Amino acid sequence: MSNSLQKLLTLGLLACQLQAFSQTTPSIEREQWSGSNVIQKLDSKYNNESAVILLDKRRVEFIDGKDEVTSYKTLHKRIHINDDKGIERFNKVYLPVSSSNEIVDIMARTILPNGKIITVDSKNIRDLQEGEQRYKIFAMEGLEKGCEVEFYYTYKAFVSYFGREIIQNNYPVLAAQVIVVSPARLIFETKGYNQVNAASDTTIVDKRIITVNQADITGVDEEKYANYTANLKRVEYKLSYNASRSKTERVFTWNELAKRAFSIYGTYSDKEIKRVNDLISSNNWKKIEGNDATVVVAVENHLKKNFSTEENLNDESAENLEMIIRNKISSHRGILRLYGAVFKQLNIEHEFVMCGSRENFEVDRTFENWNNCDNQVIYFPKLKKYIAPTLLGMRYPLIDPSWVGTNGIFCKGTTIGNFTTALADIRRIQGEDYNWSYNNIEAKVRLDASLDTLIVQSKQLYAGYSAVYYRLSFNYGPAEQQQEMLKEMAKFGTNSERVITSKVENKEMESIRENKPFVLDLQVNASELVDRAGNKVLVKIGEIIGPQAQMYQEKPRQFAMDVNYPHVLHRTIEFVLPAGYRVKNLNDLNISKVYRENDQVTMGFESSYKLEGNVVKVDVMEEYRNIHYPITQYEEFKKIINAAADFNKVTLVLEPQ
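Please read these numbers as outputs of a predicted model, since none were measured by experiment.

1. A closer look at the overall build of the chain
Part 1 of the argument: Assigned secondary structure in the chain consists of 11 helices and 35 strands.
Part 2 of the argument: Seen through its principal axes, the chain has C-alpha atoms that stretch 95 × 75 × 50 Å.
Part 3 of the argument: Counting over 657 residues, the chain shows a buried share of 53%.
Part 4 of the argument: Here the contacts in the chain between residues at least 6 apart in sequence split such that 74% fall between residues at least 24 apart.
Part 5 of the argument: Put simply, the chain shows about 30300 Å² of open surface, and 45% of that area lies on carbon and sulfur atoms.

2. A look at the nonpolar core
Part 1 of the argument: Core analysis: the largest hydrophobic core is formed by 60 residues, its most contacted members being F62, Y161, F188, V299, L338, V342 and F343.
Part 2 of the argument: Residues within four places of F188 in sequence aside, it is in contact with F62, Y161, V180, S182, I210, Y237, K238, L239 and S240.
Part 3 of the argument: Counting 45 residues, the second-largest nonpolar core is a separate cluster that includes L589, I591, V618 and A644.

3. What about the pattern of salt bridges?
Part 1 of the argument: Counted by the stated rule, this structure contains 45 salt bridges.
Part 2 of the argument: Between E236 and R234 there is a salt bridge, and its shortest N-O distance comes to 2.8 Å.
Part 3 of the argument: Connected through salt bridges with shared partners, the residues E29, R59, E61 and K207 form a single ionic network.

4. Description of the sheet that holds strand β31 (residues 591-597)
Note: strands within a sheet are paired through backbone hydrogen bonds, in either parallel or antiparallel orientation.
Part 1 of the argument: As summarised here, the arrangement of the eight strands in space is β24-β25-β23-β22-β29-β33-β32-β31, forming an open sheet in which the pairing is mixed. Bordering the open sheet on either side are β24 (499-505) and β31, each of which pairs with just one other strand. Strand-to-strand twist across the sheet, computed as the mean angle between neighbouring axes with direction ignored, equals 10 degrees.
Part 2 of the argument: Pairing geometry for strand β22 (residues 438-447) and strand β23 (residues 454-463), over 10 bridges, is antiparallel.

5. Focus on the state of the cysteines
Part 1 of the argument: Across all of its chains, the model carries zero disulfides by this definition.
Part 2 of the argument: Here C355 stays unpaired: no disulfide links it, and the sulfur of C373, its closest cysteine neighbor, is 8.4 Å away.
Part 3 of the argument: Note on C355: relative accessible area 0%, which makes it buried.
Part 4 of the argument: For C373, a relative accessible area of 0% corresponds to the buried category.

6. Digging into the environment of L54
Part 1 of the argument: Structurally, L54 is set in strand β1 (residues 51-64).
Part 2 of the argument: Taking the relative accessible area as the measure of exposure, L54 reaches 8% and is therefore buried.
Part 3 of the argument: For the pair L54 and R134, spaced 80 residues apart in sequence, the C-alpha to C-alpha distance is 27 Å.
Part 4 of the argument: Ignoring sequence-local partners within four residues, the contact set of L54 consists of Q40, L42, R78, I79, H80, E148, L174 and A175.

7. Things to note about helix α9 (residues 465-476)
Part 1 of the argument: With 12 residues, α9 should reach 16 Å at 1.5 Å per residue; the first-to-last C-alpha distance of 17 Å fits that figure.
Part 2 of the argument: Burial in α9 covers these residues: Y465, S466, A467, V468, Y470, R471, S473 and F474.
Part 3 of the argument: The inward-facing, buried residues of α9 contact β22, β23, α10 (479-491), β24 and β25 (518-526).

8. Description of the side chain of T421
Part 1 of the argument: Structurally, T421 can be placed in strand β21 (residues 419-428).
Part 2 of the argument: The class of T421 is buried, set by a relative accessible area of 8%.

9. Notes on the environment of N314
Part 1 of the argument: Structurally, the position occupied by N314 is in the loop between β15 (308-310) and α7 (321-327).
Part 2 of the argument: Between the C-alpha atoms of N314 and S331, which are 17 residues apart in sequence, the distance is 7.6 Å.

10. Brief notes about the sheet that holds strand β11 (residues 186-193)
Part 1 of the argument: Strand order across the open sheet formed by three strands is β9-β14-β11, with antiparallel pairing between neighbours. Looking at strand neighbours, the two that pair on one side only are β9 (162-166) and β11, the edges of this open sheet. The sheet shows a mean angle of 25 degrees between the axes of neighbouring strands, taken without regard to direction.
Part 2 of the argument: One ladder, built from five bridges, connects β9 with strand β14 (residues 234-242); its direction is antiparallel. Directly across from R164, in β14, lies its bridge partner E236.

11. With respect to empty space enclosed by the protein
Part 1 of the argument: Enumeration according to the criterion identifies four cavities of 30 Å³ or more in this entry.
Part 2 of the argument: Considered as a void within the structure, the largest cavity measures approximately 60 Å³ in volume.
Part 3 of the argument: Elements supplying a minimum of two residues to the lining of the largest cavity: β22, β23 and α10.
Part 4 of the argument: In terms of residue count, the dominant contributor to the lining of the largest cavity is β23 (three residues).
Part 5 of the argument: Looking at the lining of the largest cavity residue by residue, the classes come out as eight nonpolar, four polar and no charged.
Part 6 of the argument: Roughly 40 Å³ of volume is contained in the second largest cavity.
Part 7 of the argument: If you go around the second largest cavity, the residues you meet are Y386, P397, L398, I399, V404, Q430, G431, E432 and Y465.

12. Thoughts on the packing of helix α5 (residues 270-282) against helix α8 (residues 332-345)
Part 1 of the argument: It is at 10 Å that the axes of α5 and α8 come closest, and there the two elements cross at 70 degrees. With respect to α8, the element α5 is oriented roughly perpendicular. Taken together, the residues of α8 that come into contact with α5 (itself represented by E272, I273, V276, N277, L279 and I280) are R337, L338, A341, V342 and Q345.
Part 2 of the argument: Its residues assigned to classes, the contact of α5 with α8 comprises seven nonpolar, two polar and two charged.

The rules we used
Residues numbered from 1 in each chain as written. Predicted model: local features only at pLDDT ≥ 70, side-chain atom pairs only at ≥ 80, totals over all residues. Heavy atoms only, no water. Helix = DSSP H or I, 4+ residues; strand = E, 2+ residues; numbered from the N terminus. Buried < 20%, exposed > 50% of the residue type's maximum accessible area, 1.4 Å probe, protein only. Contact = heavy atoms within 4.5 Å. Areas by Shrake-Rupley, 256 points an atom, 1.4 Å probe, with all protein chains shown as cover. Core = buried A, V, L, I, M, F, W, Y, C linked by side-chain atoms within 4.5 Å. Salt bridge = Lys/Arg side-chain N within 4 Å of Asp/Glu carboxyl O. Pairing = 2+ DSSP bridges. Axes fitted to C-alpha atoms, helices over the stretch in contact; angles between N-to-C directions. Disulfide = S-S within 2.5 Å. Expected span 1.5 Å × (residues − 1). 1 Å grid on protein atoms, 1.4 Å probe; cavity = no way out; pocket = protein on both sides within 12 Å on 5 of 7 lines; lining within 4 Å. Points joined across faces, edges and corners; volume = space filled by probe spheres on them. Nonpolar A, V, L, I, M, F, W, Y, C, P; charged D, E, K, R; others polar. Parallel < 35°, antiparallel > 145°, perpendicular 65-115°, else oblique.

Given below as structure tokens:
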């Protein structure tokens, strides 16, 4: 959960009056070893798996204490090891915790095939800090093929009334269980994703217990063009009612989140507004001629050039607009406030939007898990465009491509009397058209006099999302990094570092609004693209389009395809034939794999040629007009990806006439 969402949640807790009742804190349920102390016999279908997770149990328990609600989490796993790879994977266990003194229970053991049990000594459990995350780490002793590893731990956790448990990974799971326990007055709801069973809900004495059981979960591997985490089976939970306050009033709704976000990002003190007006005047933003887009671009470029942002700055000055403008540094929450105040004073209609990501977790209209919307953008209704204030490399109208195509919580302002607040309008975040982002090549190539080197004069043109990485590097990266990037870009399509000339055009971030392409114009002498076979000259013309991915997999496809953002790749190649030679296999340049829906192209690869005098003119078009392609179209998608790879391998055979 981001720092901004934690603060929104904290405000939500206060408003919902989720106070604990004064009573003696009951003891939490203590975990026990699972099942038998001997090795479990597995079905032969698991013989080729490196490991099989016999049990994956997660328990989240909320307890009413004397002064506050506390939360405890338990993770319990038992794993059967089949081979050396499984041993390597589980010979060390990393358990994430909040701090070193909040462990209630922690136990680990190895069960050997001969019946011997080796218990991990608590003295061998040590702490590990990686960035902001702390772990308990311990080595499992005596692992061998056919053994089983079992461990569990319970720790006191940060109290959050939203959560998720991912119950699928790259190993089969025979039995998974997610349990949410709470005082009877706190009514939680759960929802399973990616075909997870429904929960059972019971109340025992003063506790409400929600249980989700899932059996025989297949192991899944990462796949090309797929969002791995988003596709894993998971259980999400959230607090929906506080019966001590009301049994019918739903808490932590999307409307409530929108109101709280607006109260933070959209309200300012008089002193803050005065300082914002000074900033506006010093930049003459009110005098800019043109439409709202011109003003938005000017504001965004200035703030991103002159203000630095860090997500987790906890200093109050990082949220106060007076201090931000003075110090030119802010938190993510602070920079959203600054953009909002500037646009408010400039009368630019805007809405704050919170969203998730296609790569991980998205906003679900029917299940209000606030943890799934910790990315912030600003939407301009008149322009129907977005900006991402927290992302340095993005400029109007581009935001993180993985946020596009997801549901957003649009905080739509509304005024009741003299009071202004916001309501949640949940809708899809629309991105730019497929032809906005492209990676094109315009190449003119010829052989030198000795016929052993290909002289490549080419332009690489990158626009939209395809240009983001390059512009970011050439505007903010050190000179050494830029030179290294030039070398790599020159090698793309030539495999050579012998750069004769090079020139970069339109590297400015301001070029994004008009979608001027980032251009690398260069000449490269590439002997790597020429071979000889007797009196024949072999020209690796297919490599001009750069390395191409291939898709071959032994296992059936598991996930739908995601291409990050819709885009086009158009390449033209003009090859001047040397005098006295002809091409033996021009038809190898003709490839066509196109997929249509309702007579409209949605993806495809097409290459063709024309011979005009002594010039072979090659045209290559590859396009992906959608972000998402269902798994039912996998075979067609694979053919198109592999068609590009096939073209990449085309070598023209030149022979004397």
